[in-house]
Amino acid sequence: MRFATQASPADVLIVGSGAGGGMAAYALTRAGVNVTVLEAGRPWDNTTDSAMLTWPYESPRRGASTKDRPFGEFDGCIGGWEIPGEPYTVAQGNRFRWWRARMVGGRTNHWGGISLRFGPRDFKAKTFDGLGDDWPISYDDVRPYYEKLEQLVGVFGSKENIPNAPDSLFLPPPKPRCYELLVQQAARRLNVTCVPSRLSILTRPLPGRAACHYCGQCNRGCKTNSNFSSTNVLIAPALKTGKLTLLTNAMAREVTLGRDGRASGVTYIDTKDGGEHHIDARVVVLAASACETSRLLLNSKSPSFPNGLANASGTVGKYLTDTTGTDVGGFVPKLMDHIPHNHDGVGGMHVYMPWWLDNKKLDFPRGYHIEVWGGADMPDYGILAGIQNYPPGGGYGKQLKADYRRYYGAYVGFSGRGEMIPNEGSYCEIDPRVVDRWGIPVLRFHWQFTDHEHLQVKHMQETFRALIKEMGGTPWGDMPSKEDGYGIAAGGVIIHELGGARMGADPKTSVVNSNCQTHEVKNLFVADGAPFTSQADKNPTWTIMALSWRTSEYIANQLKARAL
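Residues numbered from 1 in each chain as written. Predicted model: local features only at pLDDT ≥ 70, side-chain atom pairs only at ≥ 80, totals over all residues. Heavy atoms only, no water.

Novice: Could you give me a rundown of the overall build of the protein chain, with the residues and numbers involved?
Specialist: Along the backbone of the protein chain there are eleven helices and 18 strands. Taken against the 2.2 N^0.38 rule, which gives 24 Å for 564 residues, the C-alpha radius of gyration of the protein chain at 23 Å falls within 12% of a compact globule. Taken along the three principal axes of its C-alpha coordinates, the protein chain extends 75 × 50 × 45 Å. At a minimum sequence separation of 6, the contacts of the protein chain that also span at least 24 residues come to 71%. When the accessible surface of the protein chain is summed, it comes to about 22500 Å², and 50% of that surface belongs to carbon and sulfur atoms. Here the protein chain contributes 61 positive and 56 negative side-chain charges, whose respective centroids are spaced 3 Å apart. (Helix = DSSP H or I, 4+ residues; strand = E, 2+ residues; numbered from the N terminus. Rg over C-alpha atoms; globule rule 2.2 N^0.38 Å. Contact = heavy atoms within 4.5 Å. Areas by Shrake-Rupley, 256 points an atom, 1.4 Å probe, with all protein chains shown as cover. Lys, Arg positive; Asp, Glu negative; His and termini not counted. Charge placed at Lys NZ, Arg CZ, Asp CG, Glu CD.)

Novice: Can you tell me about the environment of Cys222, naming the residues and giving the values?
Specialist: Within the element layout of this structure, Cys222 appears in the loop between strand 6 (195-196) and helix 7 (230-240). Along the backbone, Cys222 and Asn46 are 176 residues apart, and their C-alpha atoms lie at a distance of 5.9 Å.

Novice: An account of the side chain of Asn311 is needed here, citing residue identities and associated values.
Specialist: Note on placement: Asn311 falls in the loop between helix 8 (290-299) and strand 11 (324-331). Taking relative accessible area as the criterion, Asn311 reaches 8% and is therefore assigned buried. Only 2.9 Å separates the side chain of Asn311 from the backbone oxygen of Asn307, close enough to count as a polar contact. Of the polar contacts made by the side chain of Asn311, one reaches the backbone nitrogen of Thr315; its length is 3.1 Å. Apart from the residues lying within four places of it in its own chain, the contact partners of Asn311 are Leu298, Phe305, Val316 and Glu520. (Buried < 20%, exposed > 50% of the residue type's maximum accessible area, 1.4 Å probe, protein only. Polar contact = N/O pair within 3.5 Å; in protein donor to acceptor, adjacent residues only side chain to side chain.)

Novice: Can you tell me about the packing of helix 1 (residues 19-30) against helix 11 (residues 541-560), naming the residues and giving the values?
Specialist: Relative to each other, helix 1 and helix 11 sit at 35°, their axes nearing to 8 Å. Crossing handedness for the pair helix 1 and helix 11: right-handed. Between helix 1, through Ala19, Gly20, Met23, Ala24, Tyr26, Ala27 and Leu28, and helix 11, the contact on the second element is made entirely by Thr541, Ile544, Met545, Ser548, Trp549, Ser552, Ile555 and Ala556. For the contact of helix 1 with helix 11, a count of residues per class yields eleven nonpolar, four polar and no charged. (Axes fitted to C-alpha atoms, helices over the stretch in contact; angles between N-to-C directions. Left-handed = near helix turned anticlockwise from the far one by under 90°. Nonpolar A, V, L, I, M, F, W, Y, C, P; charged D, E, K, R; others polar.)

Novice: Before we move on, can you summarise the sheet that holds strand 11 with the specific residues and values?
Specialist: The strand order across the open sheet built from six strands is 6-12-13-14-11-17, with neighbouring strands paired in antiparallel fashion. For this open sheet the edge positions go to strand 6 and strand 17 (474-475), each flanked by a neighbour on one side alone. As defined by bridge partners, strand 11 adjoins strand 17 across two bridges and the pair is classed as antiparallel. Its bridge partner being in strand 17, Gly330 is matched across the sheet by Pro475. Together, strand 11, strand 12 (351-353), strand 13 (368-374), strand 14 (411-418) and strand 17 form the strand contacts of helix 10 (residues 451-470), whose direction differs from that of strand 11 by roughly 20°. (Pairing = 2+ DSSP bridges.)

Novice: So what's going on with empty space enclosed by the protein? Residues and values would help.
Specialist: Within this structure, the stated rule accounts for six cavities of 30 Å³ or more. Taken as a whole, the largest cavity holds about 70 Å³ of empty space. Taken together, Asn46, Thr108, Asn109, Trp111, Cys218, Gly221, Cys222, Asn227, Phe228 and Ser229 form the lining of the largest cavity. Looking at the lining of the largest cavity, its residues break down into four nonpolar, six polar and no charged. (1 Å grid on protein atoms, 1.4 Å probe; cavity = no way out; pocket = protein on both sides within 12 Å on 5 of 7 lines; lining within 4 Å. Points joined across faces, edges and corners; volume = space filled by probe spheres on them.)

Novice: Hey, could you go over the pairing of strand 16 (residues 441-446) for me, with residue numbers and the actual values?
Specialist: With five of six residues buried, strand 16 is to be regarded as a mostly interior element. Between the antiparallel neighbours strand 15 (residues 427-435) and strand 16 lie five residues, among them Gly439 with a positive phi of about 80°.

Novice: Go over the state of the cysteines, please, and point to the residues and values.
Specialist: Two cysteines form a disulfide when their sulfur atoms are joined by a covalent bond. On inspection of all chains with the given rule, the structure shows zero disulfides. No disulfide involves Cys212; its sulfur sits 5.5 Å from that of Cys218, the nearest cysteine. Free cysteine: Cys291, not disulfide-bonded; nearest cysteine sulfur from Cys428 at 5.1 Å. (Disulfide = S-S within 2.5 Å.)

Novice: Please give an account of helix 10 that cites residues and values.
Specialist: The end-to-end C-alpha distance of helix 10, which contains 20 residues, comes to 28 Å, matching closely the 28 Å that a straight helix rising 1.5 Å per residue would cover. Here helix 10 has its buried residues at Glu453, Gln456, Val457, His459, Met460, Gln461, Thr463, Phe464, Arg465, Leu467 and Ile468. (Expected span 1.5 Å × (residues − 1).)

Novice: Account for the layout of surface pockets, naming residues and giving values.
Specialist: Reported here for the second largest pocket is a volume of approximately 490 Å³. Surrounding the second largest pocket, 24 residues form its lining, Arg121, Asn164, Trp355, Leu357 and Asn359 being those nearest its centre. Elements with a contribution of two residues or more to the lining of the second largest pocket: helix 3 (120-123) and helix 4 (125-129). It is helix 4 that contributes the most residues to the lining of the second largest pocket, three residues altogether. In terms of residue class, the lining of the second largest pocket is built from eleven nonpolar, four polar and nine charged.

Novice: Describe the pattern of salt bridges, naming the residues involved and giving the relevant values.
Specialist: Within this structure, the stated rule accounts for 25 salt bridges. Here Arg406 ties to Asp337 by a salt bridge, and the two come within 3.3 Å at their closest N and O atoms. Of this pair, Arg406 sits in helix 9 (residues 397-407) while Asp337 sits in the loop between strand 11 and strand 12, and the two are 69 residues apart along the sequence. You can call Arg406 partly exposed: its relative accessible area is 30%. The residue Arg366 makes a salt bridge to Glu419 at a minimum N-O spacing of 2.7 Å. Of this pair, Arg366 sits in the loop between strand 12 and strand 13 while Glu419 is found in the loop between strand 14 and strand 15, placing the two residues 53 residues apart along the sequence. (Salt bridge = Lys/Arg side-chain N within 4 Å of Asp/Glu carboxyl O.)

Novice: Tell me about the nonpolar core, and please be specific about residues and values.
Specialist: Within the largest apolar cluster, 141 residues are counted, with the highest numbers of intra-cluster contacts made by Val12, Ile14, Met353, Phe414 and Leu524. The element contributing the most residues to this core is helix 11, with nine residues. Ile114, Leu202, Cys212 and Cys218 belong to the second largest nonpolar core, which has 13 residues in total. (Core = buried A, V, L, I, M, F, W, Y, C linked by side-chain atoms within 4.5 Å.)

Listed below in structure tokens is the structure:
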């Protein structure tokens, strides 16, 4: 991948190279716009830098996690919840963890590829249950950009005609694995909808990208570009236009404001030598992730915006959400002593369960989907840890080896991913006393789940345990108590934080308009998860990219008309 130097000013300056930033760079350069992208992390090219096809035994660590790769040393994403020299703080008594990627492509190098359109109800949820706020746009406003994404990126799945889980332009889905067939059977008996999953992994080739060869190592970064990441599906084609300058190791500090009230560019720190630089731009697009974008806006103070840029509403950093989550796994005797066969497939689930119930009959609003895991993946560090909990697992020598062979793959697990309703107790602000290694003030997080989320997660736990028992299995561990929040994951742990610069029609209660353009600074846009007015029971990346494409198209048209 080529990295260039370009004289400023840029037509458009984008902060971040992940889902939103990469999509903006792709769309704008194809429209003939000169673009500069600032990426806080290092260069990365999954076609050359990935550890795909590396055997775990080739490392003395056997794939165990490292400080900059919490999900294992072969993982494709450099970053984590804790980054040396880049702290954040959490208000006393609150629980929150903030994941940040530090590489070209950002979190798309970590993303599991789950590609779910938001549904019609997700954009107008308040209309249905009176909670939160409706978006100022509808599903029909975003649908054309979902379709463009599906043709460019590729997503497999099946047409199911589920009203609030819209079908896509699907590639054929892979067949369920053995344990997934058991899951489907159990789900059918319990009247839980279970259908082929929807992932951005090619099961048929697209131009310049091969179909998946089912090595099951998507998390490492795909050398064949069969699995989507911003790096080579968005950024690399943008570079080939000659219209993109990509600056790595460039930590944005603040968006500067000109005397005319327009954004004039971005000041950034070169993280290699600590030098400070400024790039002028006609248009600035923030796509650094929901919380990092909030931080940039809050740190960009001026006489016109003493509380942070584009923050006359006081809502920058407010109404943060993260996907609700909990997990349950269990031992399933039917999967013991199986005939050895190839369990490989895509690096993720082949089946999933979209929301299937009517909340009017439940004690909580909004829904969740269920992700499925298990089976005999490639063994690495920690495989079958806790074997002493299998009957009669454990021991030494030949018996222990025999038990490993018998029980390997004899487990199934479920992860719930649900909708959190925005609330005033979940937000980020600038910590007045703490700065990072470059002297940039850091974020302090406040986090609060309500009974809505806790009761939803209780339902997840009960459903997962029922499914495992229906398969003839035994769930691991006891049902978490109310005092333990029914096992709800702490804020930020699911890595789906959204909000902080929410979209709305009223400048008094929102930060950006329906085009993700800040109300008060007309040449400043946001193209990541920060504009989300609400969450959904779906992973947000697909909608981040669709909105970014829509916003980029608007910017290109405005530049052409000389309206920006």
